[in-house]
Structures are given as C-alpha cells and as structure tokens.
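# A structural walkthrough
Here is how the chains run, residue by residue.
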Amino acid sequence: MHVFIFILPLNCKLNLKTKLIFTKTYILRELSVYLRSKIVRIMEYTALLEKQILGRLKIDNPWWTEGRIPSYYQEMSPRLYLDIFYPLVKDVSIQRALILMGPRRVGKTVMLYHSIQRLIDEGVSPQNIIYVSVETPIYNNILLEQLFSLAKQILDKENSQEEFYVFFDEIQYLKDWEINLKSLVDTYHNVKFVVSGSAAAALKKSSNESGAGRFTDFNLPPLLFFEYIHLKKYEHLMRQSKVEWDGIESDIYSTIDIDKLNSLFLDYINYGGYPEVAFSSRMQEDPGQFVRHDIVDKVLLRDLPSLYGISDVQELNSLFTMIAYHSGMEFSYESMSKESGVKKETIRRYVQYLEAAFLIKVVGRTDDTAKRFQRQTTFKIYLTNPSLRCALFEPIKIMDGNIGDMIETAIYSQWVPRKGHIAYANWKMGRSQGEVDLVGINDALQKPYWAVEIKWSNRFFDRPSELSSLQFFMEKNHLPQALVTSISKGGVKEMDFGTLHFIPSACYAYTVGENTLRQAKKSFGL
C-alpha cells in the first residue's frame with residue numbers, strides 16, 4: 001500500500017477553492033507519474049522474471065543437455081512402489097493426469113526423477129520430458145500452462161504435436177491447481193501430466209471435486225518395513241510359507257535370524273520411515289534436526305496454516321507433540337480439551353488437519369460385537385510413521401517401557417495405505433476392560449472377520465490361556481482363528497475357543513507390508 005503526502009508551501013497565498021483545485025491537480029499529476037513509473041517497473045520486472053524462469057527451467061531439466069537425471073538421484077535406491085507407479089506414468093492411452101500424494105520426505109520427488117530416467121532408458125527423448133518444482137519462489141502465481149509453454153519455447157517445440165511427459169512437483173503451492181491441471185488435461189491430448197503434492201487429503205479433496213474423470217490418485221506412504229528390508233538388502237533373512245486362513249492359503253513369513261531381524265525392526269521404528277534418514281548414518285546421529293526442519297517447520301508451521309488459515313500454530317504444534325509421544329493410545333476430545341485448555345471443536349479441527357497432512361491416522365473404536373458407534377467419544381491415534389516419535393524425542397530401545405506402543409504403531413503403519421475398514425475393539429468385561437488391538441470389519445455384514453492381538457512378549461505363546469479378551473472376542477463373534485504377535489516365537493496353538501497363530505512382530509510387519517504393496521498393485525490392475 002502506498003500513501004501520498006502532499007505539502008503546500010507555507011507562504012502560499014491561495015484561497016480555499018484555489019488551494020483545493022491546486023491540490024487536486026497536483027495529486028492527479030503526481031499519481032499519474034507514479035503509475036507510469038510503476039507500469040514501466042512491472043513491464044521490466046516481467047521481462048526479467050521470464051528470463052529468470054527460462055534459466056531456472058534449464059537448471060531443473062539437466063537431461064535436456066546431459067541425457068540423464070543428476071547422479072545424486074541415480075545413486076538412490078528406488079522405492080518398490082516405483083514398479084507400480086511407473087506403468088501409470090508411461091500409460092498415455094487414457095487422458096488423465098496422475099497425482100502422486102503423500103507426506104513430506106517419503107521420496108515423491110525421487111520417484112518422479114526415477115520415472116524420468118526410466119522414460120529416457122525406454123527411448124523417450126529427453127527433450128520431451130519437462131519437470132517443474134512449483135514451490136520454487138520464482139514460479140509463484142505463474143500458471144501451469146505458462147510454465148509448460150516456456151519450457152517448450154526453450155526446446156524450440158512451441159507448436160510441436162509430439163508426445164510430452166510433464167511433471168509438476170509440490171503442486172499444492174499453486175492456488176486452484178486442480179482447475180489449472182484439468183484445463184491442461186482437456187487441452188493437450190498428447191501430453192501426460194504427472195503431479196505431486198504433500199498435503200494428501202487436501203489434494204485428494206480438491207482432485208475429487210474438480211478433477212472427476214481427469215485425475216488418477218496414487219498414494220505413497222512412508223517406507224514400509226518390507227521395503228526397508230529389501231532396500232537394505234536383508235531379504236535373504238526371510239522365509240516364505242503358507243498358512244490356511246478361512247479356507248484360503250495365505251503367504252506368511254518367518255526368518256532364519258530373529259535377533260538380526262528384530263534389530264533391523266528397531267532401526268526401522270527409529271529411522272526407517274524416511275528413506276533419506278534410513279540410508280544416512282549422518283542423519284541418524286541427529287534425526288530430530290532433519291524432521292524439525294522438513295516435517296515440523298514446513299508442515300505444522302507453513303503448509304497447514306496456509307492451507308487452513310490456522311492462526312495459533314503453537315497450539316497445533318503442542319497437540320501434535322503430545323499425540324506423537326502417546327501414539328497408539330486411546331484419546332477423547334473431552335480429555336484432550338481438559339488437558340490442553342483448548343476448545344474441543346478446535347482440537348477436532350486440528351486432528352483433521354494433521355490427518356490431512358498424513359502425519360496421523362485416527363482409528364475408530366468398536367465394541368465386542370464390532371458395532372459401530374454413531375457418536376465416537378473415544379478413538380486411537382497412530383503416527384503414520386513411527387520414526388516421527390524418535391526424531392521428536394529420542395530413539396527407542398528394545399526394552400523401553402513404551403516399546404509396546406511403538407511396535408503397535410509400526411505394525412499399524414503397514415496397514416494405513418490400505419482401503420479396508422480397520423478398528424480396535426474395546427468393551428466392558430466385568431470390572432475390567434476388554435480390548436483387541438486390530439479388527440477387520442466387514443462393513444456389509446457389520447461383523448468382524450479377523451482379529452490381531454499385538455504383543456511384544458513371548459509370554460502369551462507359553463501361556464495362551466491368558467489372552468482372555470481375545471478369547472472372549474473370538475467366541476462372541478464366532479471367529480475360528482486369530483493372530484497374536486510376539487518378540488521371537490512363532491507357531492500354532494489349538495485352543496478350545498479356536499486356533500491362535502503366533503508370529504514374531506517383525507515378521508508380521510514384513511508380511512503385512514508385502515501384502516499392502518501387492519494390494520496397491522492389484523488396485524491399479526497391474
């Protein structure tokens with residue numbers, strides 16, 4: 001905002017009317033001069049800005065001249081999700097944009113670069129591949145189509161009808177990105193548009209509302225334990241076997257070295273959710289600095305406030321810190337409000353925002369009959385990435401008092417990417433509470449069809465009769481079998497109330513992770 005102050009000379013002898021005319025004329029003249037200079041400055045700035053954008057596009061697309069992505073990205077191990085994602089990138093038969101969503105620092109940008117290299121390796125001309133990082137300040141408020149046109153201008157392909165592959169990274173920083181993108185998809189039939197963004201649920205909401213029939217969503221979760229083991233090249237520790245479940249043979253994994261696998265599982269819990277931290281001993285020395293800068297500062301202090309208009313970021317930060325420390329525990333808005341002094345409705349909104357950013361997952365409660373409550377008063381909250389807790393506080397050790405909650409969080413995080421309805425069961429059982437950690441719900445029948453009890457102990461393998469809550473739940477819902485995790489013991493126990501399959505927690509996390517990947521592949525028809 002510009003304020004103009006005009007001062008008449010002290011010895012001016014003009015009458016009031018003349019003074020007003022003089023003042024008005026003077027103001028208009030000065031305003032005209034200012035606007036003319038401002039227009040010139042804007043024109044000069046626009047010309048300079050375009051020159052800077054052209055220069056930046058050349059820097060961001062080194063394969064135009066080098067024929068390959070930077071060695072920094074080439075040396076990184078690709079995530080196993082790339083084998084599912086890349087066929088969707090390459091498919092130009094369907095006129096749809098591909099939207100890669102997920103939390104910060106899980107490898108979305110790296111996956112875009114690896115996709116670009118595969119395109120080049122398979123014969124696509126490097127000059128037909130364009131990459132733009134939308135969060136780069138110089139691109140602020142520049143429309144996607146304009147950026148696309150400038151890139152083609154550099155390549156001297158402004159009127160070309162060739163096939164292009166265009167990648168827009170961190171798309172959420174462009175206002176009305178989904179309208180821009182839909183227009184591009186409708187206009188350029190010979191171009192495959194691939195975009196990425198970090199605020200997963202917000203992106204999904206926008207894409208569902210504005211991109212119906214034009215967008216394909218692809219969710220990239222934090223590193224799964226199955227991926228972690230393979231990327232660390234320890235898959236030789238695992239042995240695949242079959243178990244009969246509901247009359248169907250299912251894959252399940254055991255290990256030839258449970259001590260080594262448990263050590264790797266603990267490393268995964270502390271560092272493994274973020275690929276960069278998982279493979280950098282330097283970052284593991286101080287993961288908190290990495291997470292505070294890239295997760296807490298950018299997501300809690302920038303992304304969420306800008307997306308949702310949050311004014312008190314300290315309240316949001318405090319709430320997330322409390323949730324992270326107590327991941328896997330039962331919460332209620334009432335108790336959270338009393339402890340923090342923040343209104344229930346505000347906390348409810350904050351929880352929704354944190355879930356939108358893919359930092360947490362709220363899990364609903366059911367009772368001993370899998371009945372869904374119309375009004376959820378209590379629920380569990382899990383970190384979607386167990387490594388967040390380590391980074392915010394300190395690495396957890398194998399026999400720490402709260403190791404059980406983090407084992408549960410790590411196992412649940414393997415389930416999070418799936419679409420099925422998972423809950424936890426909690427009910428009054430005499431004077432005590434009955435609880436089962438994970439329950440699969442058949443929504444059509446409103447009945448449970450599997451149950452898992454997560455334990456970081458071998459005691460229940462030796463004394464399965466102590467699993468009274470699980471026994472009660474199985475008998476009440478006529479479940480013929482259930483699964484129980486342990487530290488290191490595995491096997492089958494035939495009980496009067498049904499069959500219990502025991503499996504080490506690390507083996508179970510590995511098994512669920514592989515099945516999650518398999519389901520993701522199947523969901524895209526691959």
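First things first, this report covers the structure right here in the doc.

Analysis parameters
Residues numbered from 1 in each chain as written. Predicted model: local features only at pLDDT ≥ 70, side-chain atom pairs only at ≥ 80, totals over all residues. Heavy atoms only, no water. Pairing = 2+ DSSP bridges. Helix = DSSP H or I, 4+ residues; strand = E, 2+ residues; numbered from the N terminus. Axes fitted to C-alpha atoms, helices over the stretch in contact; angles between N-to-C directions. Parallel < 35°, antiparallel > 145°, perpendicular 65-115°, else oblique. Contact = heavy atoms within 4.5 Å. Nonpolar A, V, L, I, M, F, W, Y, C, P; charged D, E, K, R; others polar. Expected span 1.5 Å × (residues − 1). Buried < 20%, exposed > 50% of the residue type's maximum accessible area, 1.4 Å probe, protein only. Arc of directions from axis to C-beta. Polar contact = N/O pair within 3.5 Å; in protein donor to acceptor, adjacent residues only side chain to side chain. Salt bridge = Lys/Arg side-chain N within 4 Å of Asp/Glu carboxyl O.

## Looking at the sheet that holds strand β2 (residues 129–133)
- Across the sheet, which stays open at both edges, the five strands sit in the order β2-β3-β4-β1-β5 with parallel pairing between neighbours. Looking along the sheet, the strands with just one partner apiece sit at the ends: β2 and β5 (215–219). Taking the axes of each pair of neighbouring strands and ignoring which way they run, one obtains an average angle of 15° across the sheet.
- Direction of pairing for β2 relative to strand β3 (residues 164–169): parallel, over a ladder of five bridges. Of the residues in β3, the one forming a bridge with Ile-129 is Tyr-165.

## What to know about the packing of helix α15 (residues 333–340) against helix α16 (residues 344–356)
- Remark: α15 packs on α16, axes separated minimally by 9 Å, with the N-to-C direction vectors making an angle of 110°. As judged from the angle between their axes, α15 and α16 are roughly perpendicular. Along the contact surface, α15 presents Tyr-333, Glu-334, Met-336, Ser-337 and Ser-340, while α16 presents Lys-344, Ile-347, Arg-348 and Val-351.
- A class-by-class count of the residues in the contact of α15 with α16 yields four nonpolar, two polar and three charged.

## Concerning helix α14 (residues 313–325)
- Along its 13 residues, α14 runs 18 Å from first to last C-alpha, staying within 8% of the 18 Å computed at 1.5 Å per residue.
- Of all the positions in α14, only Leu-316, Asn-317, Leu-319, Phe-320, Ile-323 and Ala-324 are classed as buried. Buried positions in α14, seen along its axis, are confined to an arc of 165° and lie on one side of it.
- Capping the start of α14, Asp-312 holds a side-chain oxygen 3.3 Å from the backbone nitrogen of Gln-314, two or three residues further along.

## A few points about the pattern of salt bridges
- With the rule as written, the count across this model stands at 22 salt bridges.
- Salt-bridge contacts for Lys-455 lead to Glu-453; the nearest nitrogen and oxygen are separated by 3.3 Å.
- Between Arg-459 and Glu-466 there is a salt bridge, with the nearest N and O atoms lying 3.1 Å from each other.
- The exposure class of Arg-459 is partly exposed, given its relative accessible area of 37%.
- Since its relative accessible area comes to 33%, Glu-466 is described here as partly exposed.
- Through salt bridges with shared partners, a single network forms among Lys-242, Asp-251, Glu-514 and Arg-518.

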